[in-house]
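Fold and contact review
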Amino acid sequence: MAMAVAREPLPMFWSRPPIRPGGPKTSVVPGRKHVAGWGGKKGTGMRHITANSGSVHSIGMRRGNEATVESNGAPASSYLFSLTMPLTVALGVLGANATVQPWSVILSGAGTLQTLVVLPILDAVVGQGESLGLTGEPRGKESDPAAYRRVLYIYACVHILVLVAGILATSRLDMLPMIGGILSLGVMGGLGYTTVHELVHGRTRMEHTLASIMLSLMWAMHWRRSHLLHHKNVGKWEDPTSARRGENFYAFALRSIGGNVKNGIEDAWAKGKTSAPVWWIVCPVVLTCVFVLVGGGRAALVFVSQACVAAITLETVNYIQHYGLERKQNAGGEYEPYSVKHSWNANWTCSNAFAFNLQHHAEHHLNASKPYQKLHRAEGAPQLPLSYPLLMVLSLVPPLFHRIMDSELNDLSGTPGLDT
């Protein structure tokens, strides 16, 4: 097999995470199914599904010699960095209401600018690593698993309050600032999905309920079920959330949104939850009516519009995470087992603190019950050339995105163990 041609190192924000001499300290667990874990509490009606099996159980799977670093050492307080997003949106929308154009347009779009401009700059400056290390190694309460869960609960509550108040405040703006506010609220919704993602994989009814409340504000209550099915089908041709090589973002987004709604409904019906899809429609419609009563038609328009932007933001991330990394089928049509080579990873410090280690995606699919603070860069997983925020923007320009990512796929095809 031909080896990939070595390339000159690129600037820090473009370069891949270096492999430490001698390799990192690792812990390998032979492949097995774990029935225990962070699966749903009895009575919640939610279980997890593995990518390597048709069985339904709490996901907790490792395979072969796929090793991961034991601890990233990030204190719980470092993940409070995520709160800068709703706070920026709140201050921006309030400031837009107190000023006139052009400042009102700039302020209302502050949330979008933070995520797609400021965060990539911070990634370039801070670079790559396991954690922000704002308070050093976690000690005492900082190392308590409950402290990391509390960060999620705090973010979820702040997100809901800012979203509701932001919708009403944005509806009072002129047209251009209102569009800026809708974009900021929707991009904030993308981070909201990241929080929901952790809550959906949580272990208590309270976490699942909090996830449903957040999803109802984004018109996406089906996502609790469809996301778990993604874990079973990741990398397969039929998985709507796994982007195929050469597929542009817009075609993928339509396929992913439609496929996830369909999968969510079918899963609910198959499990006897026939009324669930009705509630997925009723709850957002009721919320829309409440916004009409409280803030008028403009408030309802902002509510629905920000949900659309949030959905697009989510799909840009989905598009990146598995682009072109398909699981092969044998002559009998059976798929190879999922492994770290089927998810893209990124190790930029600020983006990972901002999005609860979402960029450590390969290990999450190996062990979906593993809490976010314990996720690391999986050894042997393909590494993204850029952080999520930059690739999210580039995904909207298919020729540029394909030029970068198809080149990465070509390199992987010459790397042993990473055939595409």
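You'll find the structure just up there.
Residues numbered from 1 in each chain as written. Predicted model: local features only at pLDDT ≥ 70, side-chain atom pairs only at ≥ 80, totals over all residues. Heavy atoms only, no water.

Running from N to C, helix 1 (residues 84–98) and helix 5 (residues 175–200) point in directions that differ by 165°, and their axes come no closer than 10 Å. Taken as axis vectors, helix 1 and helix 5 run roughly antiparallel relative to one another. When the axes of helix 1 and helix 5 are compared, the crossing they make is left-handed. Of the residues in helix 5, those touching helix 1 at M85, P86 and V89 are S184, L185, V187, M188 and L191. For the contact of helix 1 with helix 5, the per-class residue count stands at seven nonpolar, one polar and no charged. (Axes fitted to C-alpha atoms, helices over the stretch in contact; angles between N-to-C directions. Helix = DSSP H or I, 4+ residues; strand = E, 2+ residues; numbered from the N terminus. Parallel < 35°, antiparallel > 145°, perpendicular 65-115°, else oblique. Left-handed = near helix turned anticlockwise from the far one by under 90°. Contact = heavy atoms within 4.5 Å. Nonpolar A, V, L, I, M, F, W, Y, C, P; charged D, E, K, R; others polar.)

Remark: helix 1 packs on helix 4 (residues 145–170), axes separated minimally by 9 Å, with the N-to-C direction vectors making an angle of 20°. When the axes of helix 1 and helix 4 are compared, the pair comes out roughly parallel. In this structure, helix 1 meets helix 4 at a crossing whose hand is left-handed. Contacts between helix 1 and helix 4 involve P86, V89, A90, V93 and N97 from the former and Y155, V158, V162, G166, A169 and T170 from the latter.

On the surface, W103, I106, L113, V117, V118, I121, L122, V125 and V126 cluster together to form a nonpolar patch covering roughly 820 Å² of accessible area. Only helix 2 (103–108) and helix 3 (110–126) provide two or more residues apiece to the nonpolar patch. Of all the elements, helix 3 adds the most residues to the nonpolar patch, at seven residues. Residue position: V117 is located in helix 3. (Patch = residues over 30% accessible without salt bridge, like charges linked within 9 Å, V, L, I, M, F, W, Y side chains within 5 Å. Areas by Shrake-Rupley, 256 points an atom, 1.4 Å probe, with all protein chains shown as cover. Salt bridge = Lys/Arg side-chain N within 4 Å of Asp/Glu carboxyl O.)

Right, let's talk about unusual backbone geometry for a bit. Cis geometry is found at the peptide bond from Q101 to P102, where omega equals 5°. Mapped onto the elements of the fold, P102 is located in the loop between helix 1 and helix 2. For F356, which is not glycine, the phi torsion reads 55° and is therefore positive. Tracing the backbone through its elements, the reader meets F356 in the loop between helix 11 (349–354) and helix 12 (361–366). Of note in the backbone geometry, N357 takes a positive phi value of approximately 60° without being a glycine.

This part takes up the packing of aromatic side chains. Tallied over the full model, the rule gives 16 aromatic pairs. With a centroid separation of 5.4 Å and an interplanar angle of 45°, the aromatic rings of F252 and Y319 are classed as tilted. Here Y319 lies in helix 10 (residues 297–321) and F252 lies in helix 8 (residues 249–270), a separation of 67 residues in the sequence. Taken together, a centroid distance of 5.1 Å and an interplanar angle of 75° make the contact between F356 and Y372 edge-to-face. Linking F356 in the loop between helix 11 and helix 12 with Y372 in the loop between helix 12 and helix 13 (388–395), this pair joins segments that are 16 residues apart in sequence. Y372 shares its class with F356; the two are buried. We note R244 situated over the ring of W237; from NZ or CZ to the ring centre the distance is 3.7 Å. (Phe/Tyr/Trp six-rings, centres within 6.5 Å; stacked < 30°, edge-to-face > 60°. Buried < 20%, exposed > 50% of the residue type's maximum accessible area, 1.4 Å probe, protein only. Lys NZ or Arg CZ within 6 Å of the ring centre and 35° of its normal.)

Moving on: the pattern of salt bridges. Within the structure shown, the criterion is met by nine salt bridges. Between R149 and E207 there is a salt bridge whose closest N-O contact spans 3.0 Å. In this pair, R149 is assigned in helix 4 and E207 in helix 6 (residues 205–216), connecting sequence segments 58 residues apart. Residues R149 and E207 agree in their burial class; the two are buried.

A separate point is the environment of W223. Among the structural elements, W223 can be located in helix 7 (residues 223–233). You can call W223 buried: its relative accessible area is 7%. Sequence-distant contacts of W223, defined by excluding residues within four places in its chain, comprise Y193, V196, H197, V200, L215 and L314.

Another aspect to go through is the side chain of S242. Looking at the secondary structure, you find S242 in the loop between helix 7 and helix 8. Of the residues examined, S242 reaches a relative accessible area of 5% and is grouped as buried. Only 2.9 Å separates the side chain of S242 from the backbone nitrogen of G235, close enough to count as a polar contact. Within polar-contact distance, the side chain of S242 engages the side chain of D239 at 2.5 Å. Not counting chain neighbours up to four residues away, the residues in contact with S242 comprise H230, V234, G235, K236, F252, R255 and H322. (Polar contact = N/O pair within 3.5 Å; in protein donor to acceptor, adjacent residues only side chain to side chain.)

Turning our attention to helix 10. The terminal C-alpha atoms of helix 10 lie 37 Å apart, and with 25 residues this matches the ideal 36 Å at 1.5 Å per residue to within 8%. The buried count for helix 10 comes to 18 of 25 residues, which makes it a mostly enclosed element. (Expected span 1.5 Å × (residues − 1).)

What follows is about the environment of S212. Relative to the helices and strands, S212 resides in helix 6. Taking C-alpha positions, S212 is 9.3 Å from W280, a pair spaced 68 residues apart along the chain. Once residues lying within four places of it in the same chain are set aside, the contact partners of S212 are M221 and R224.

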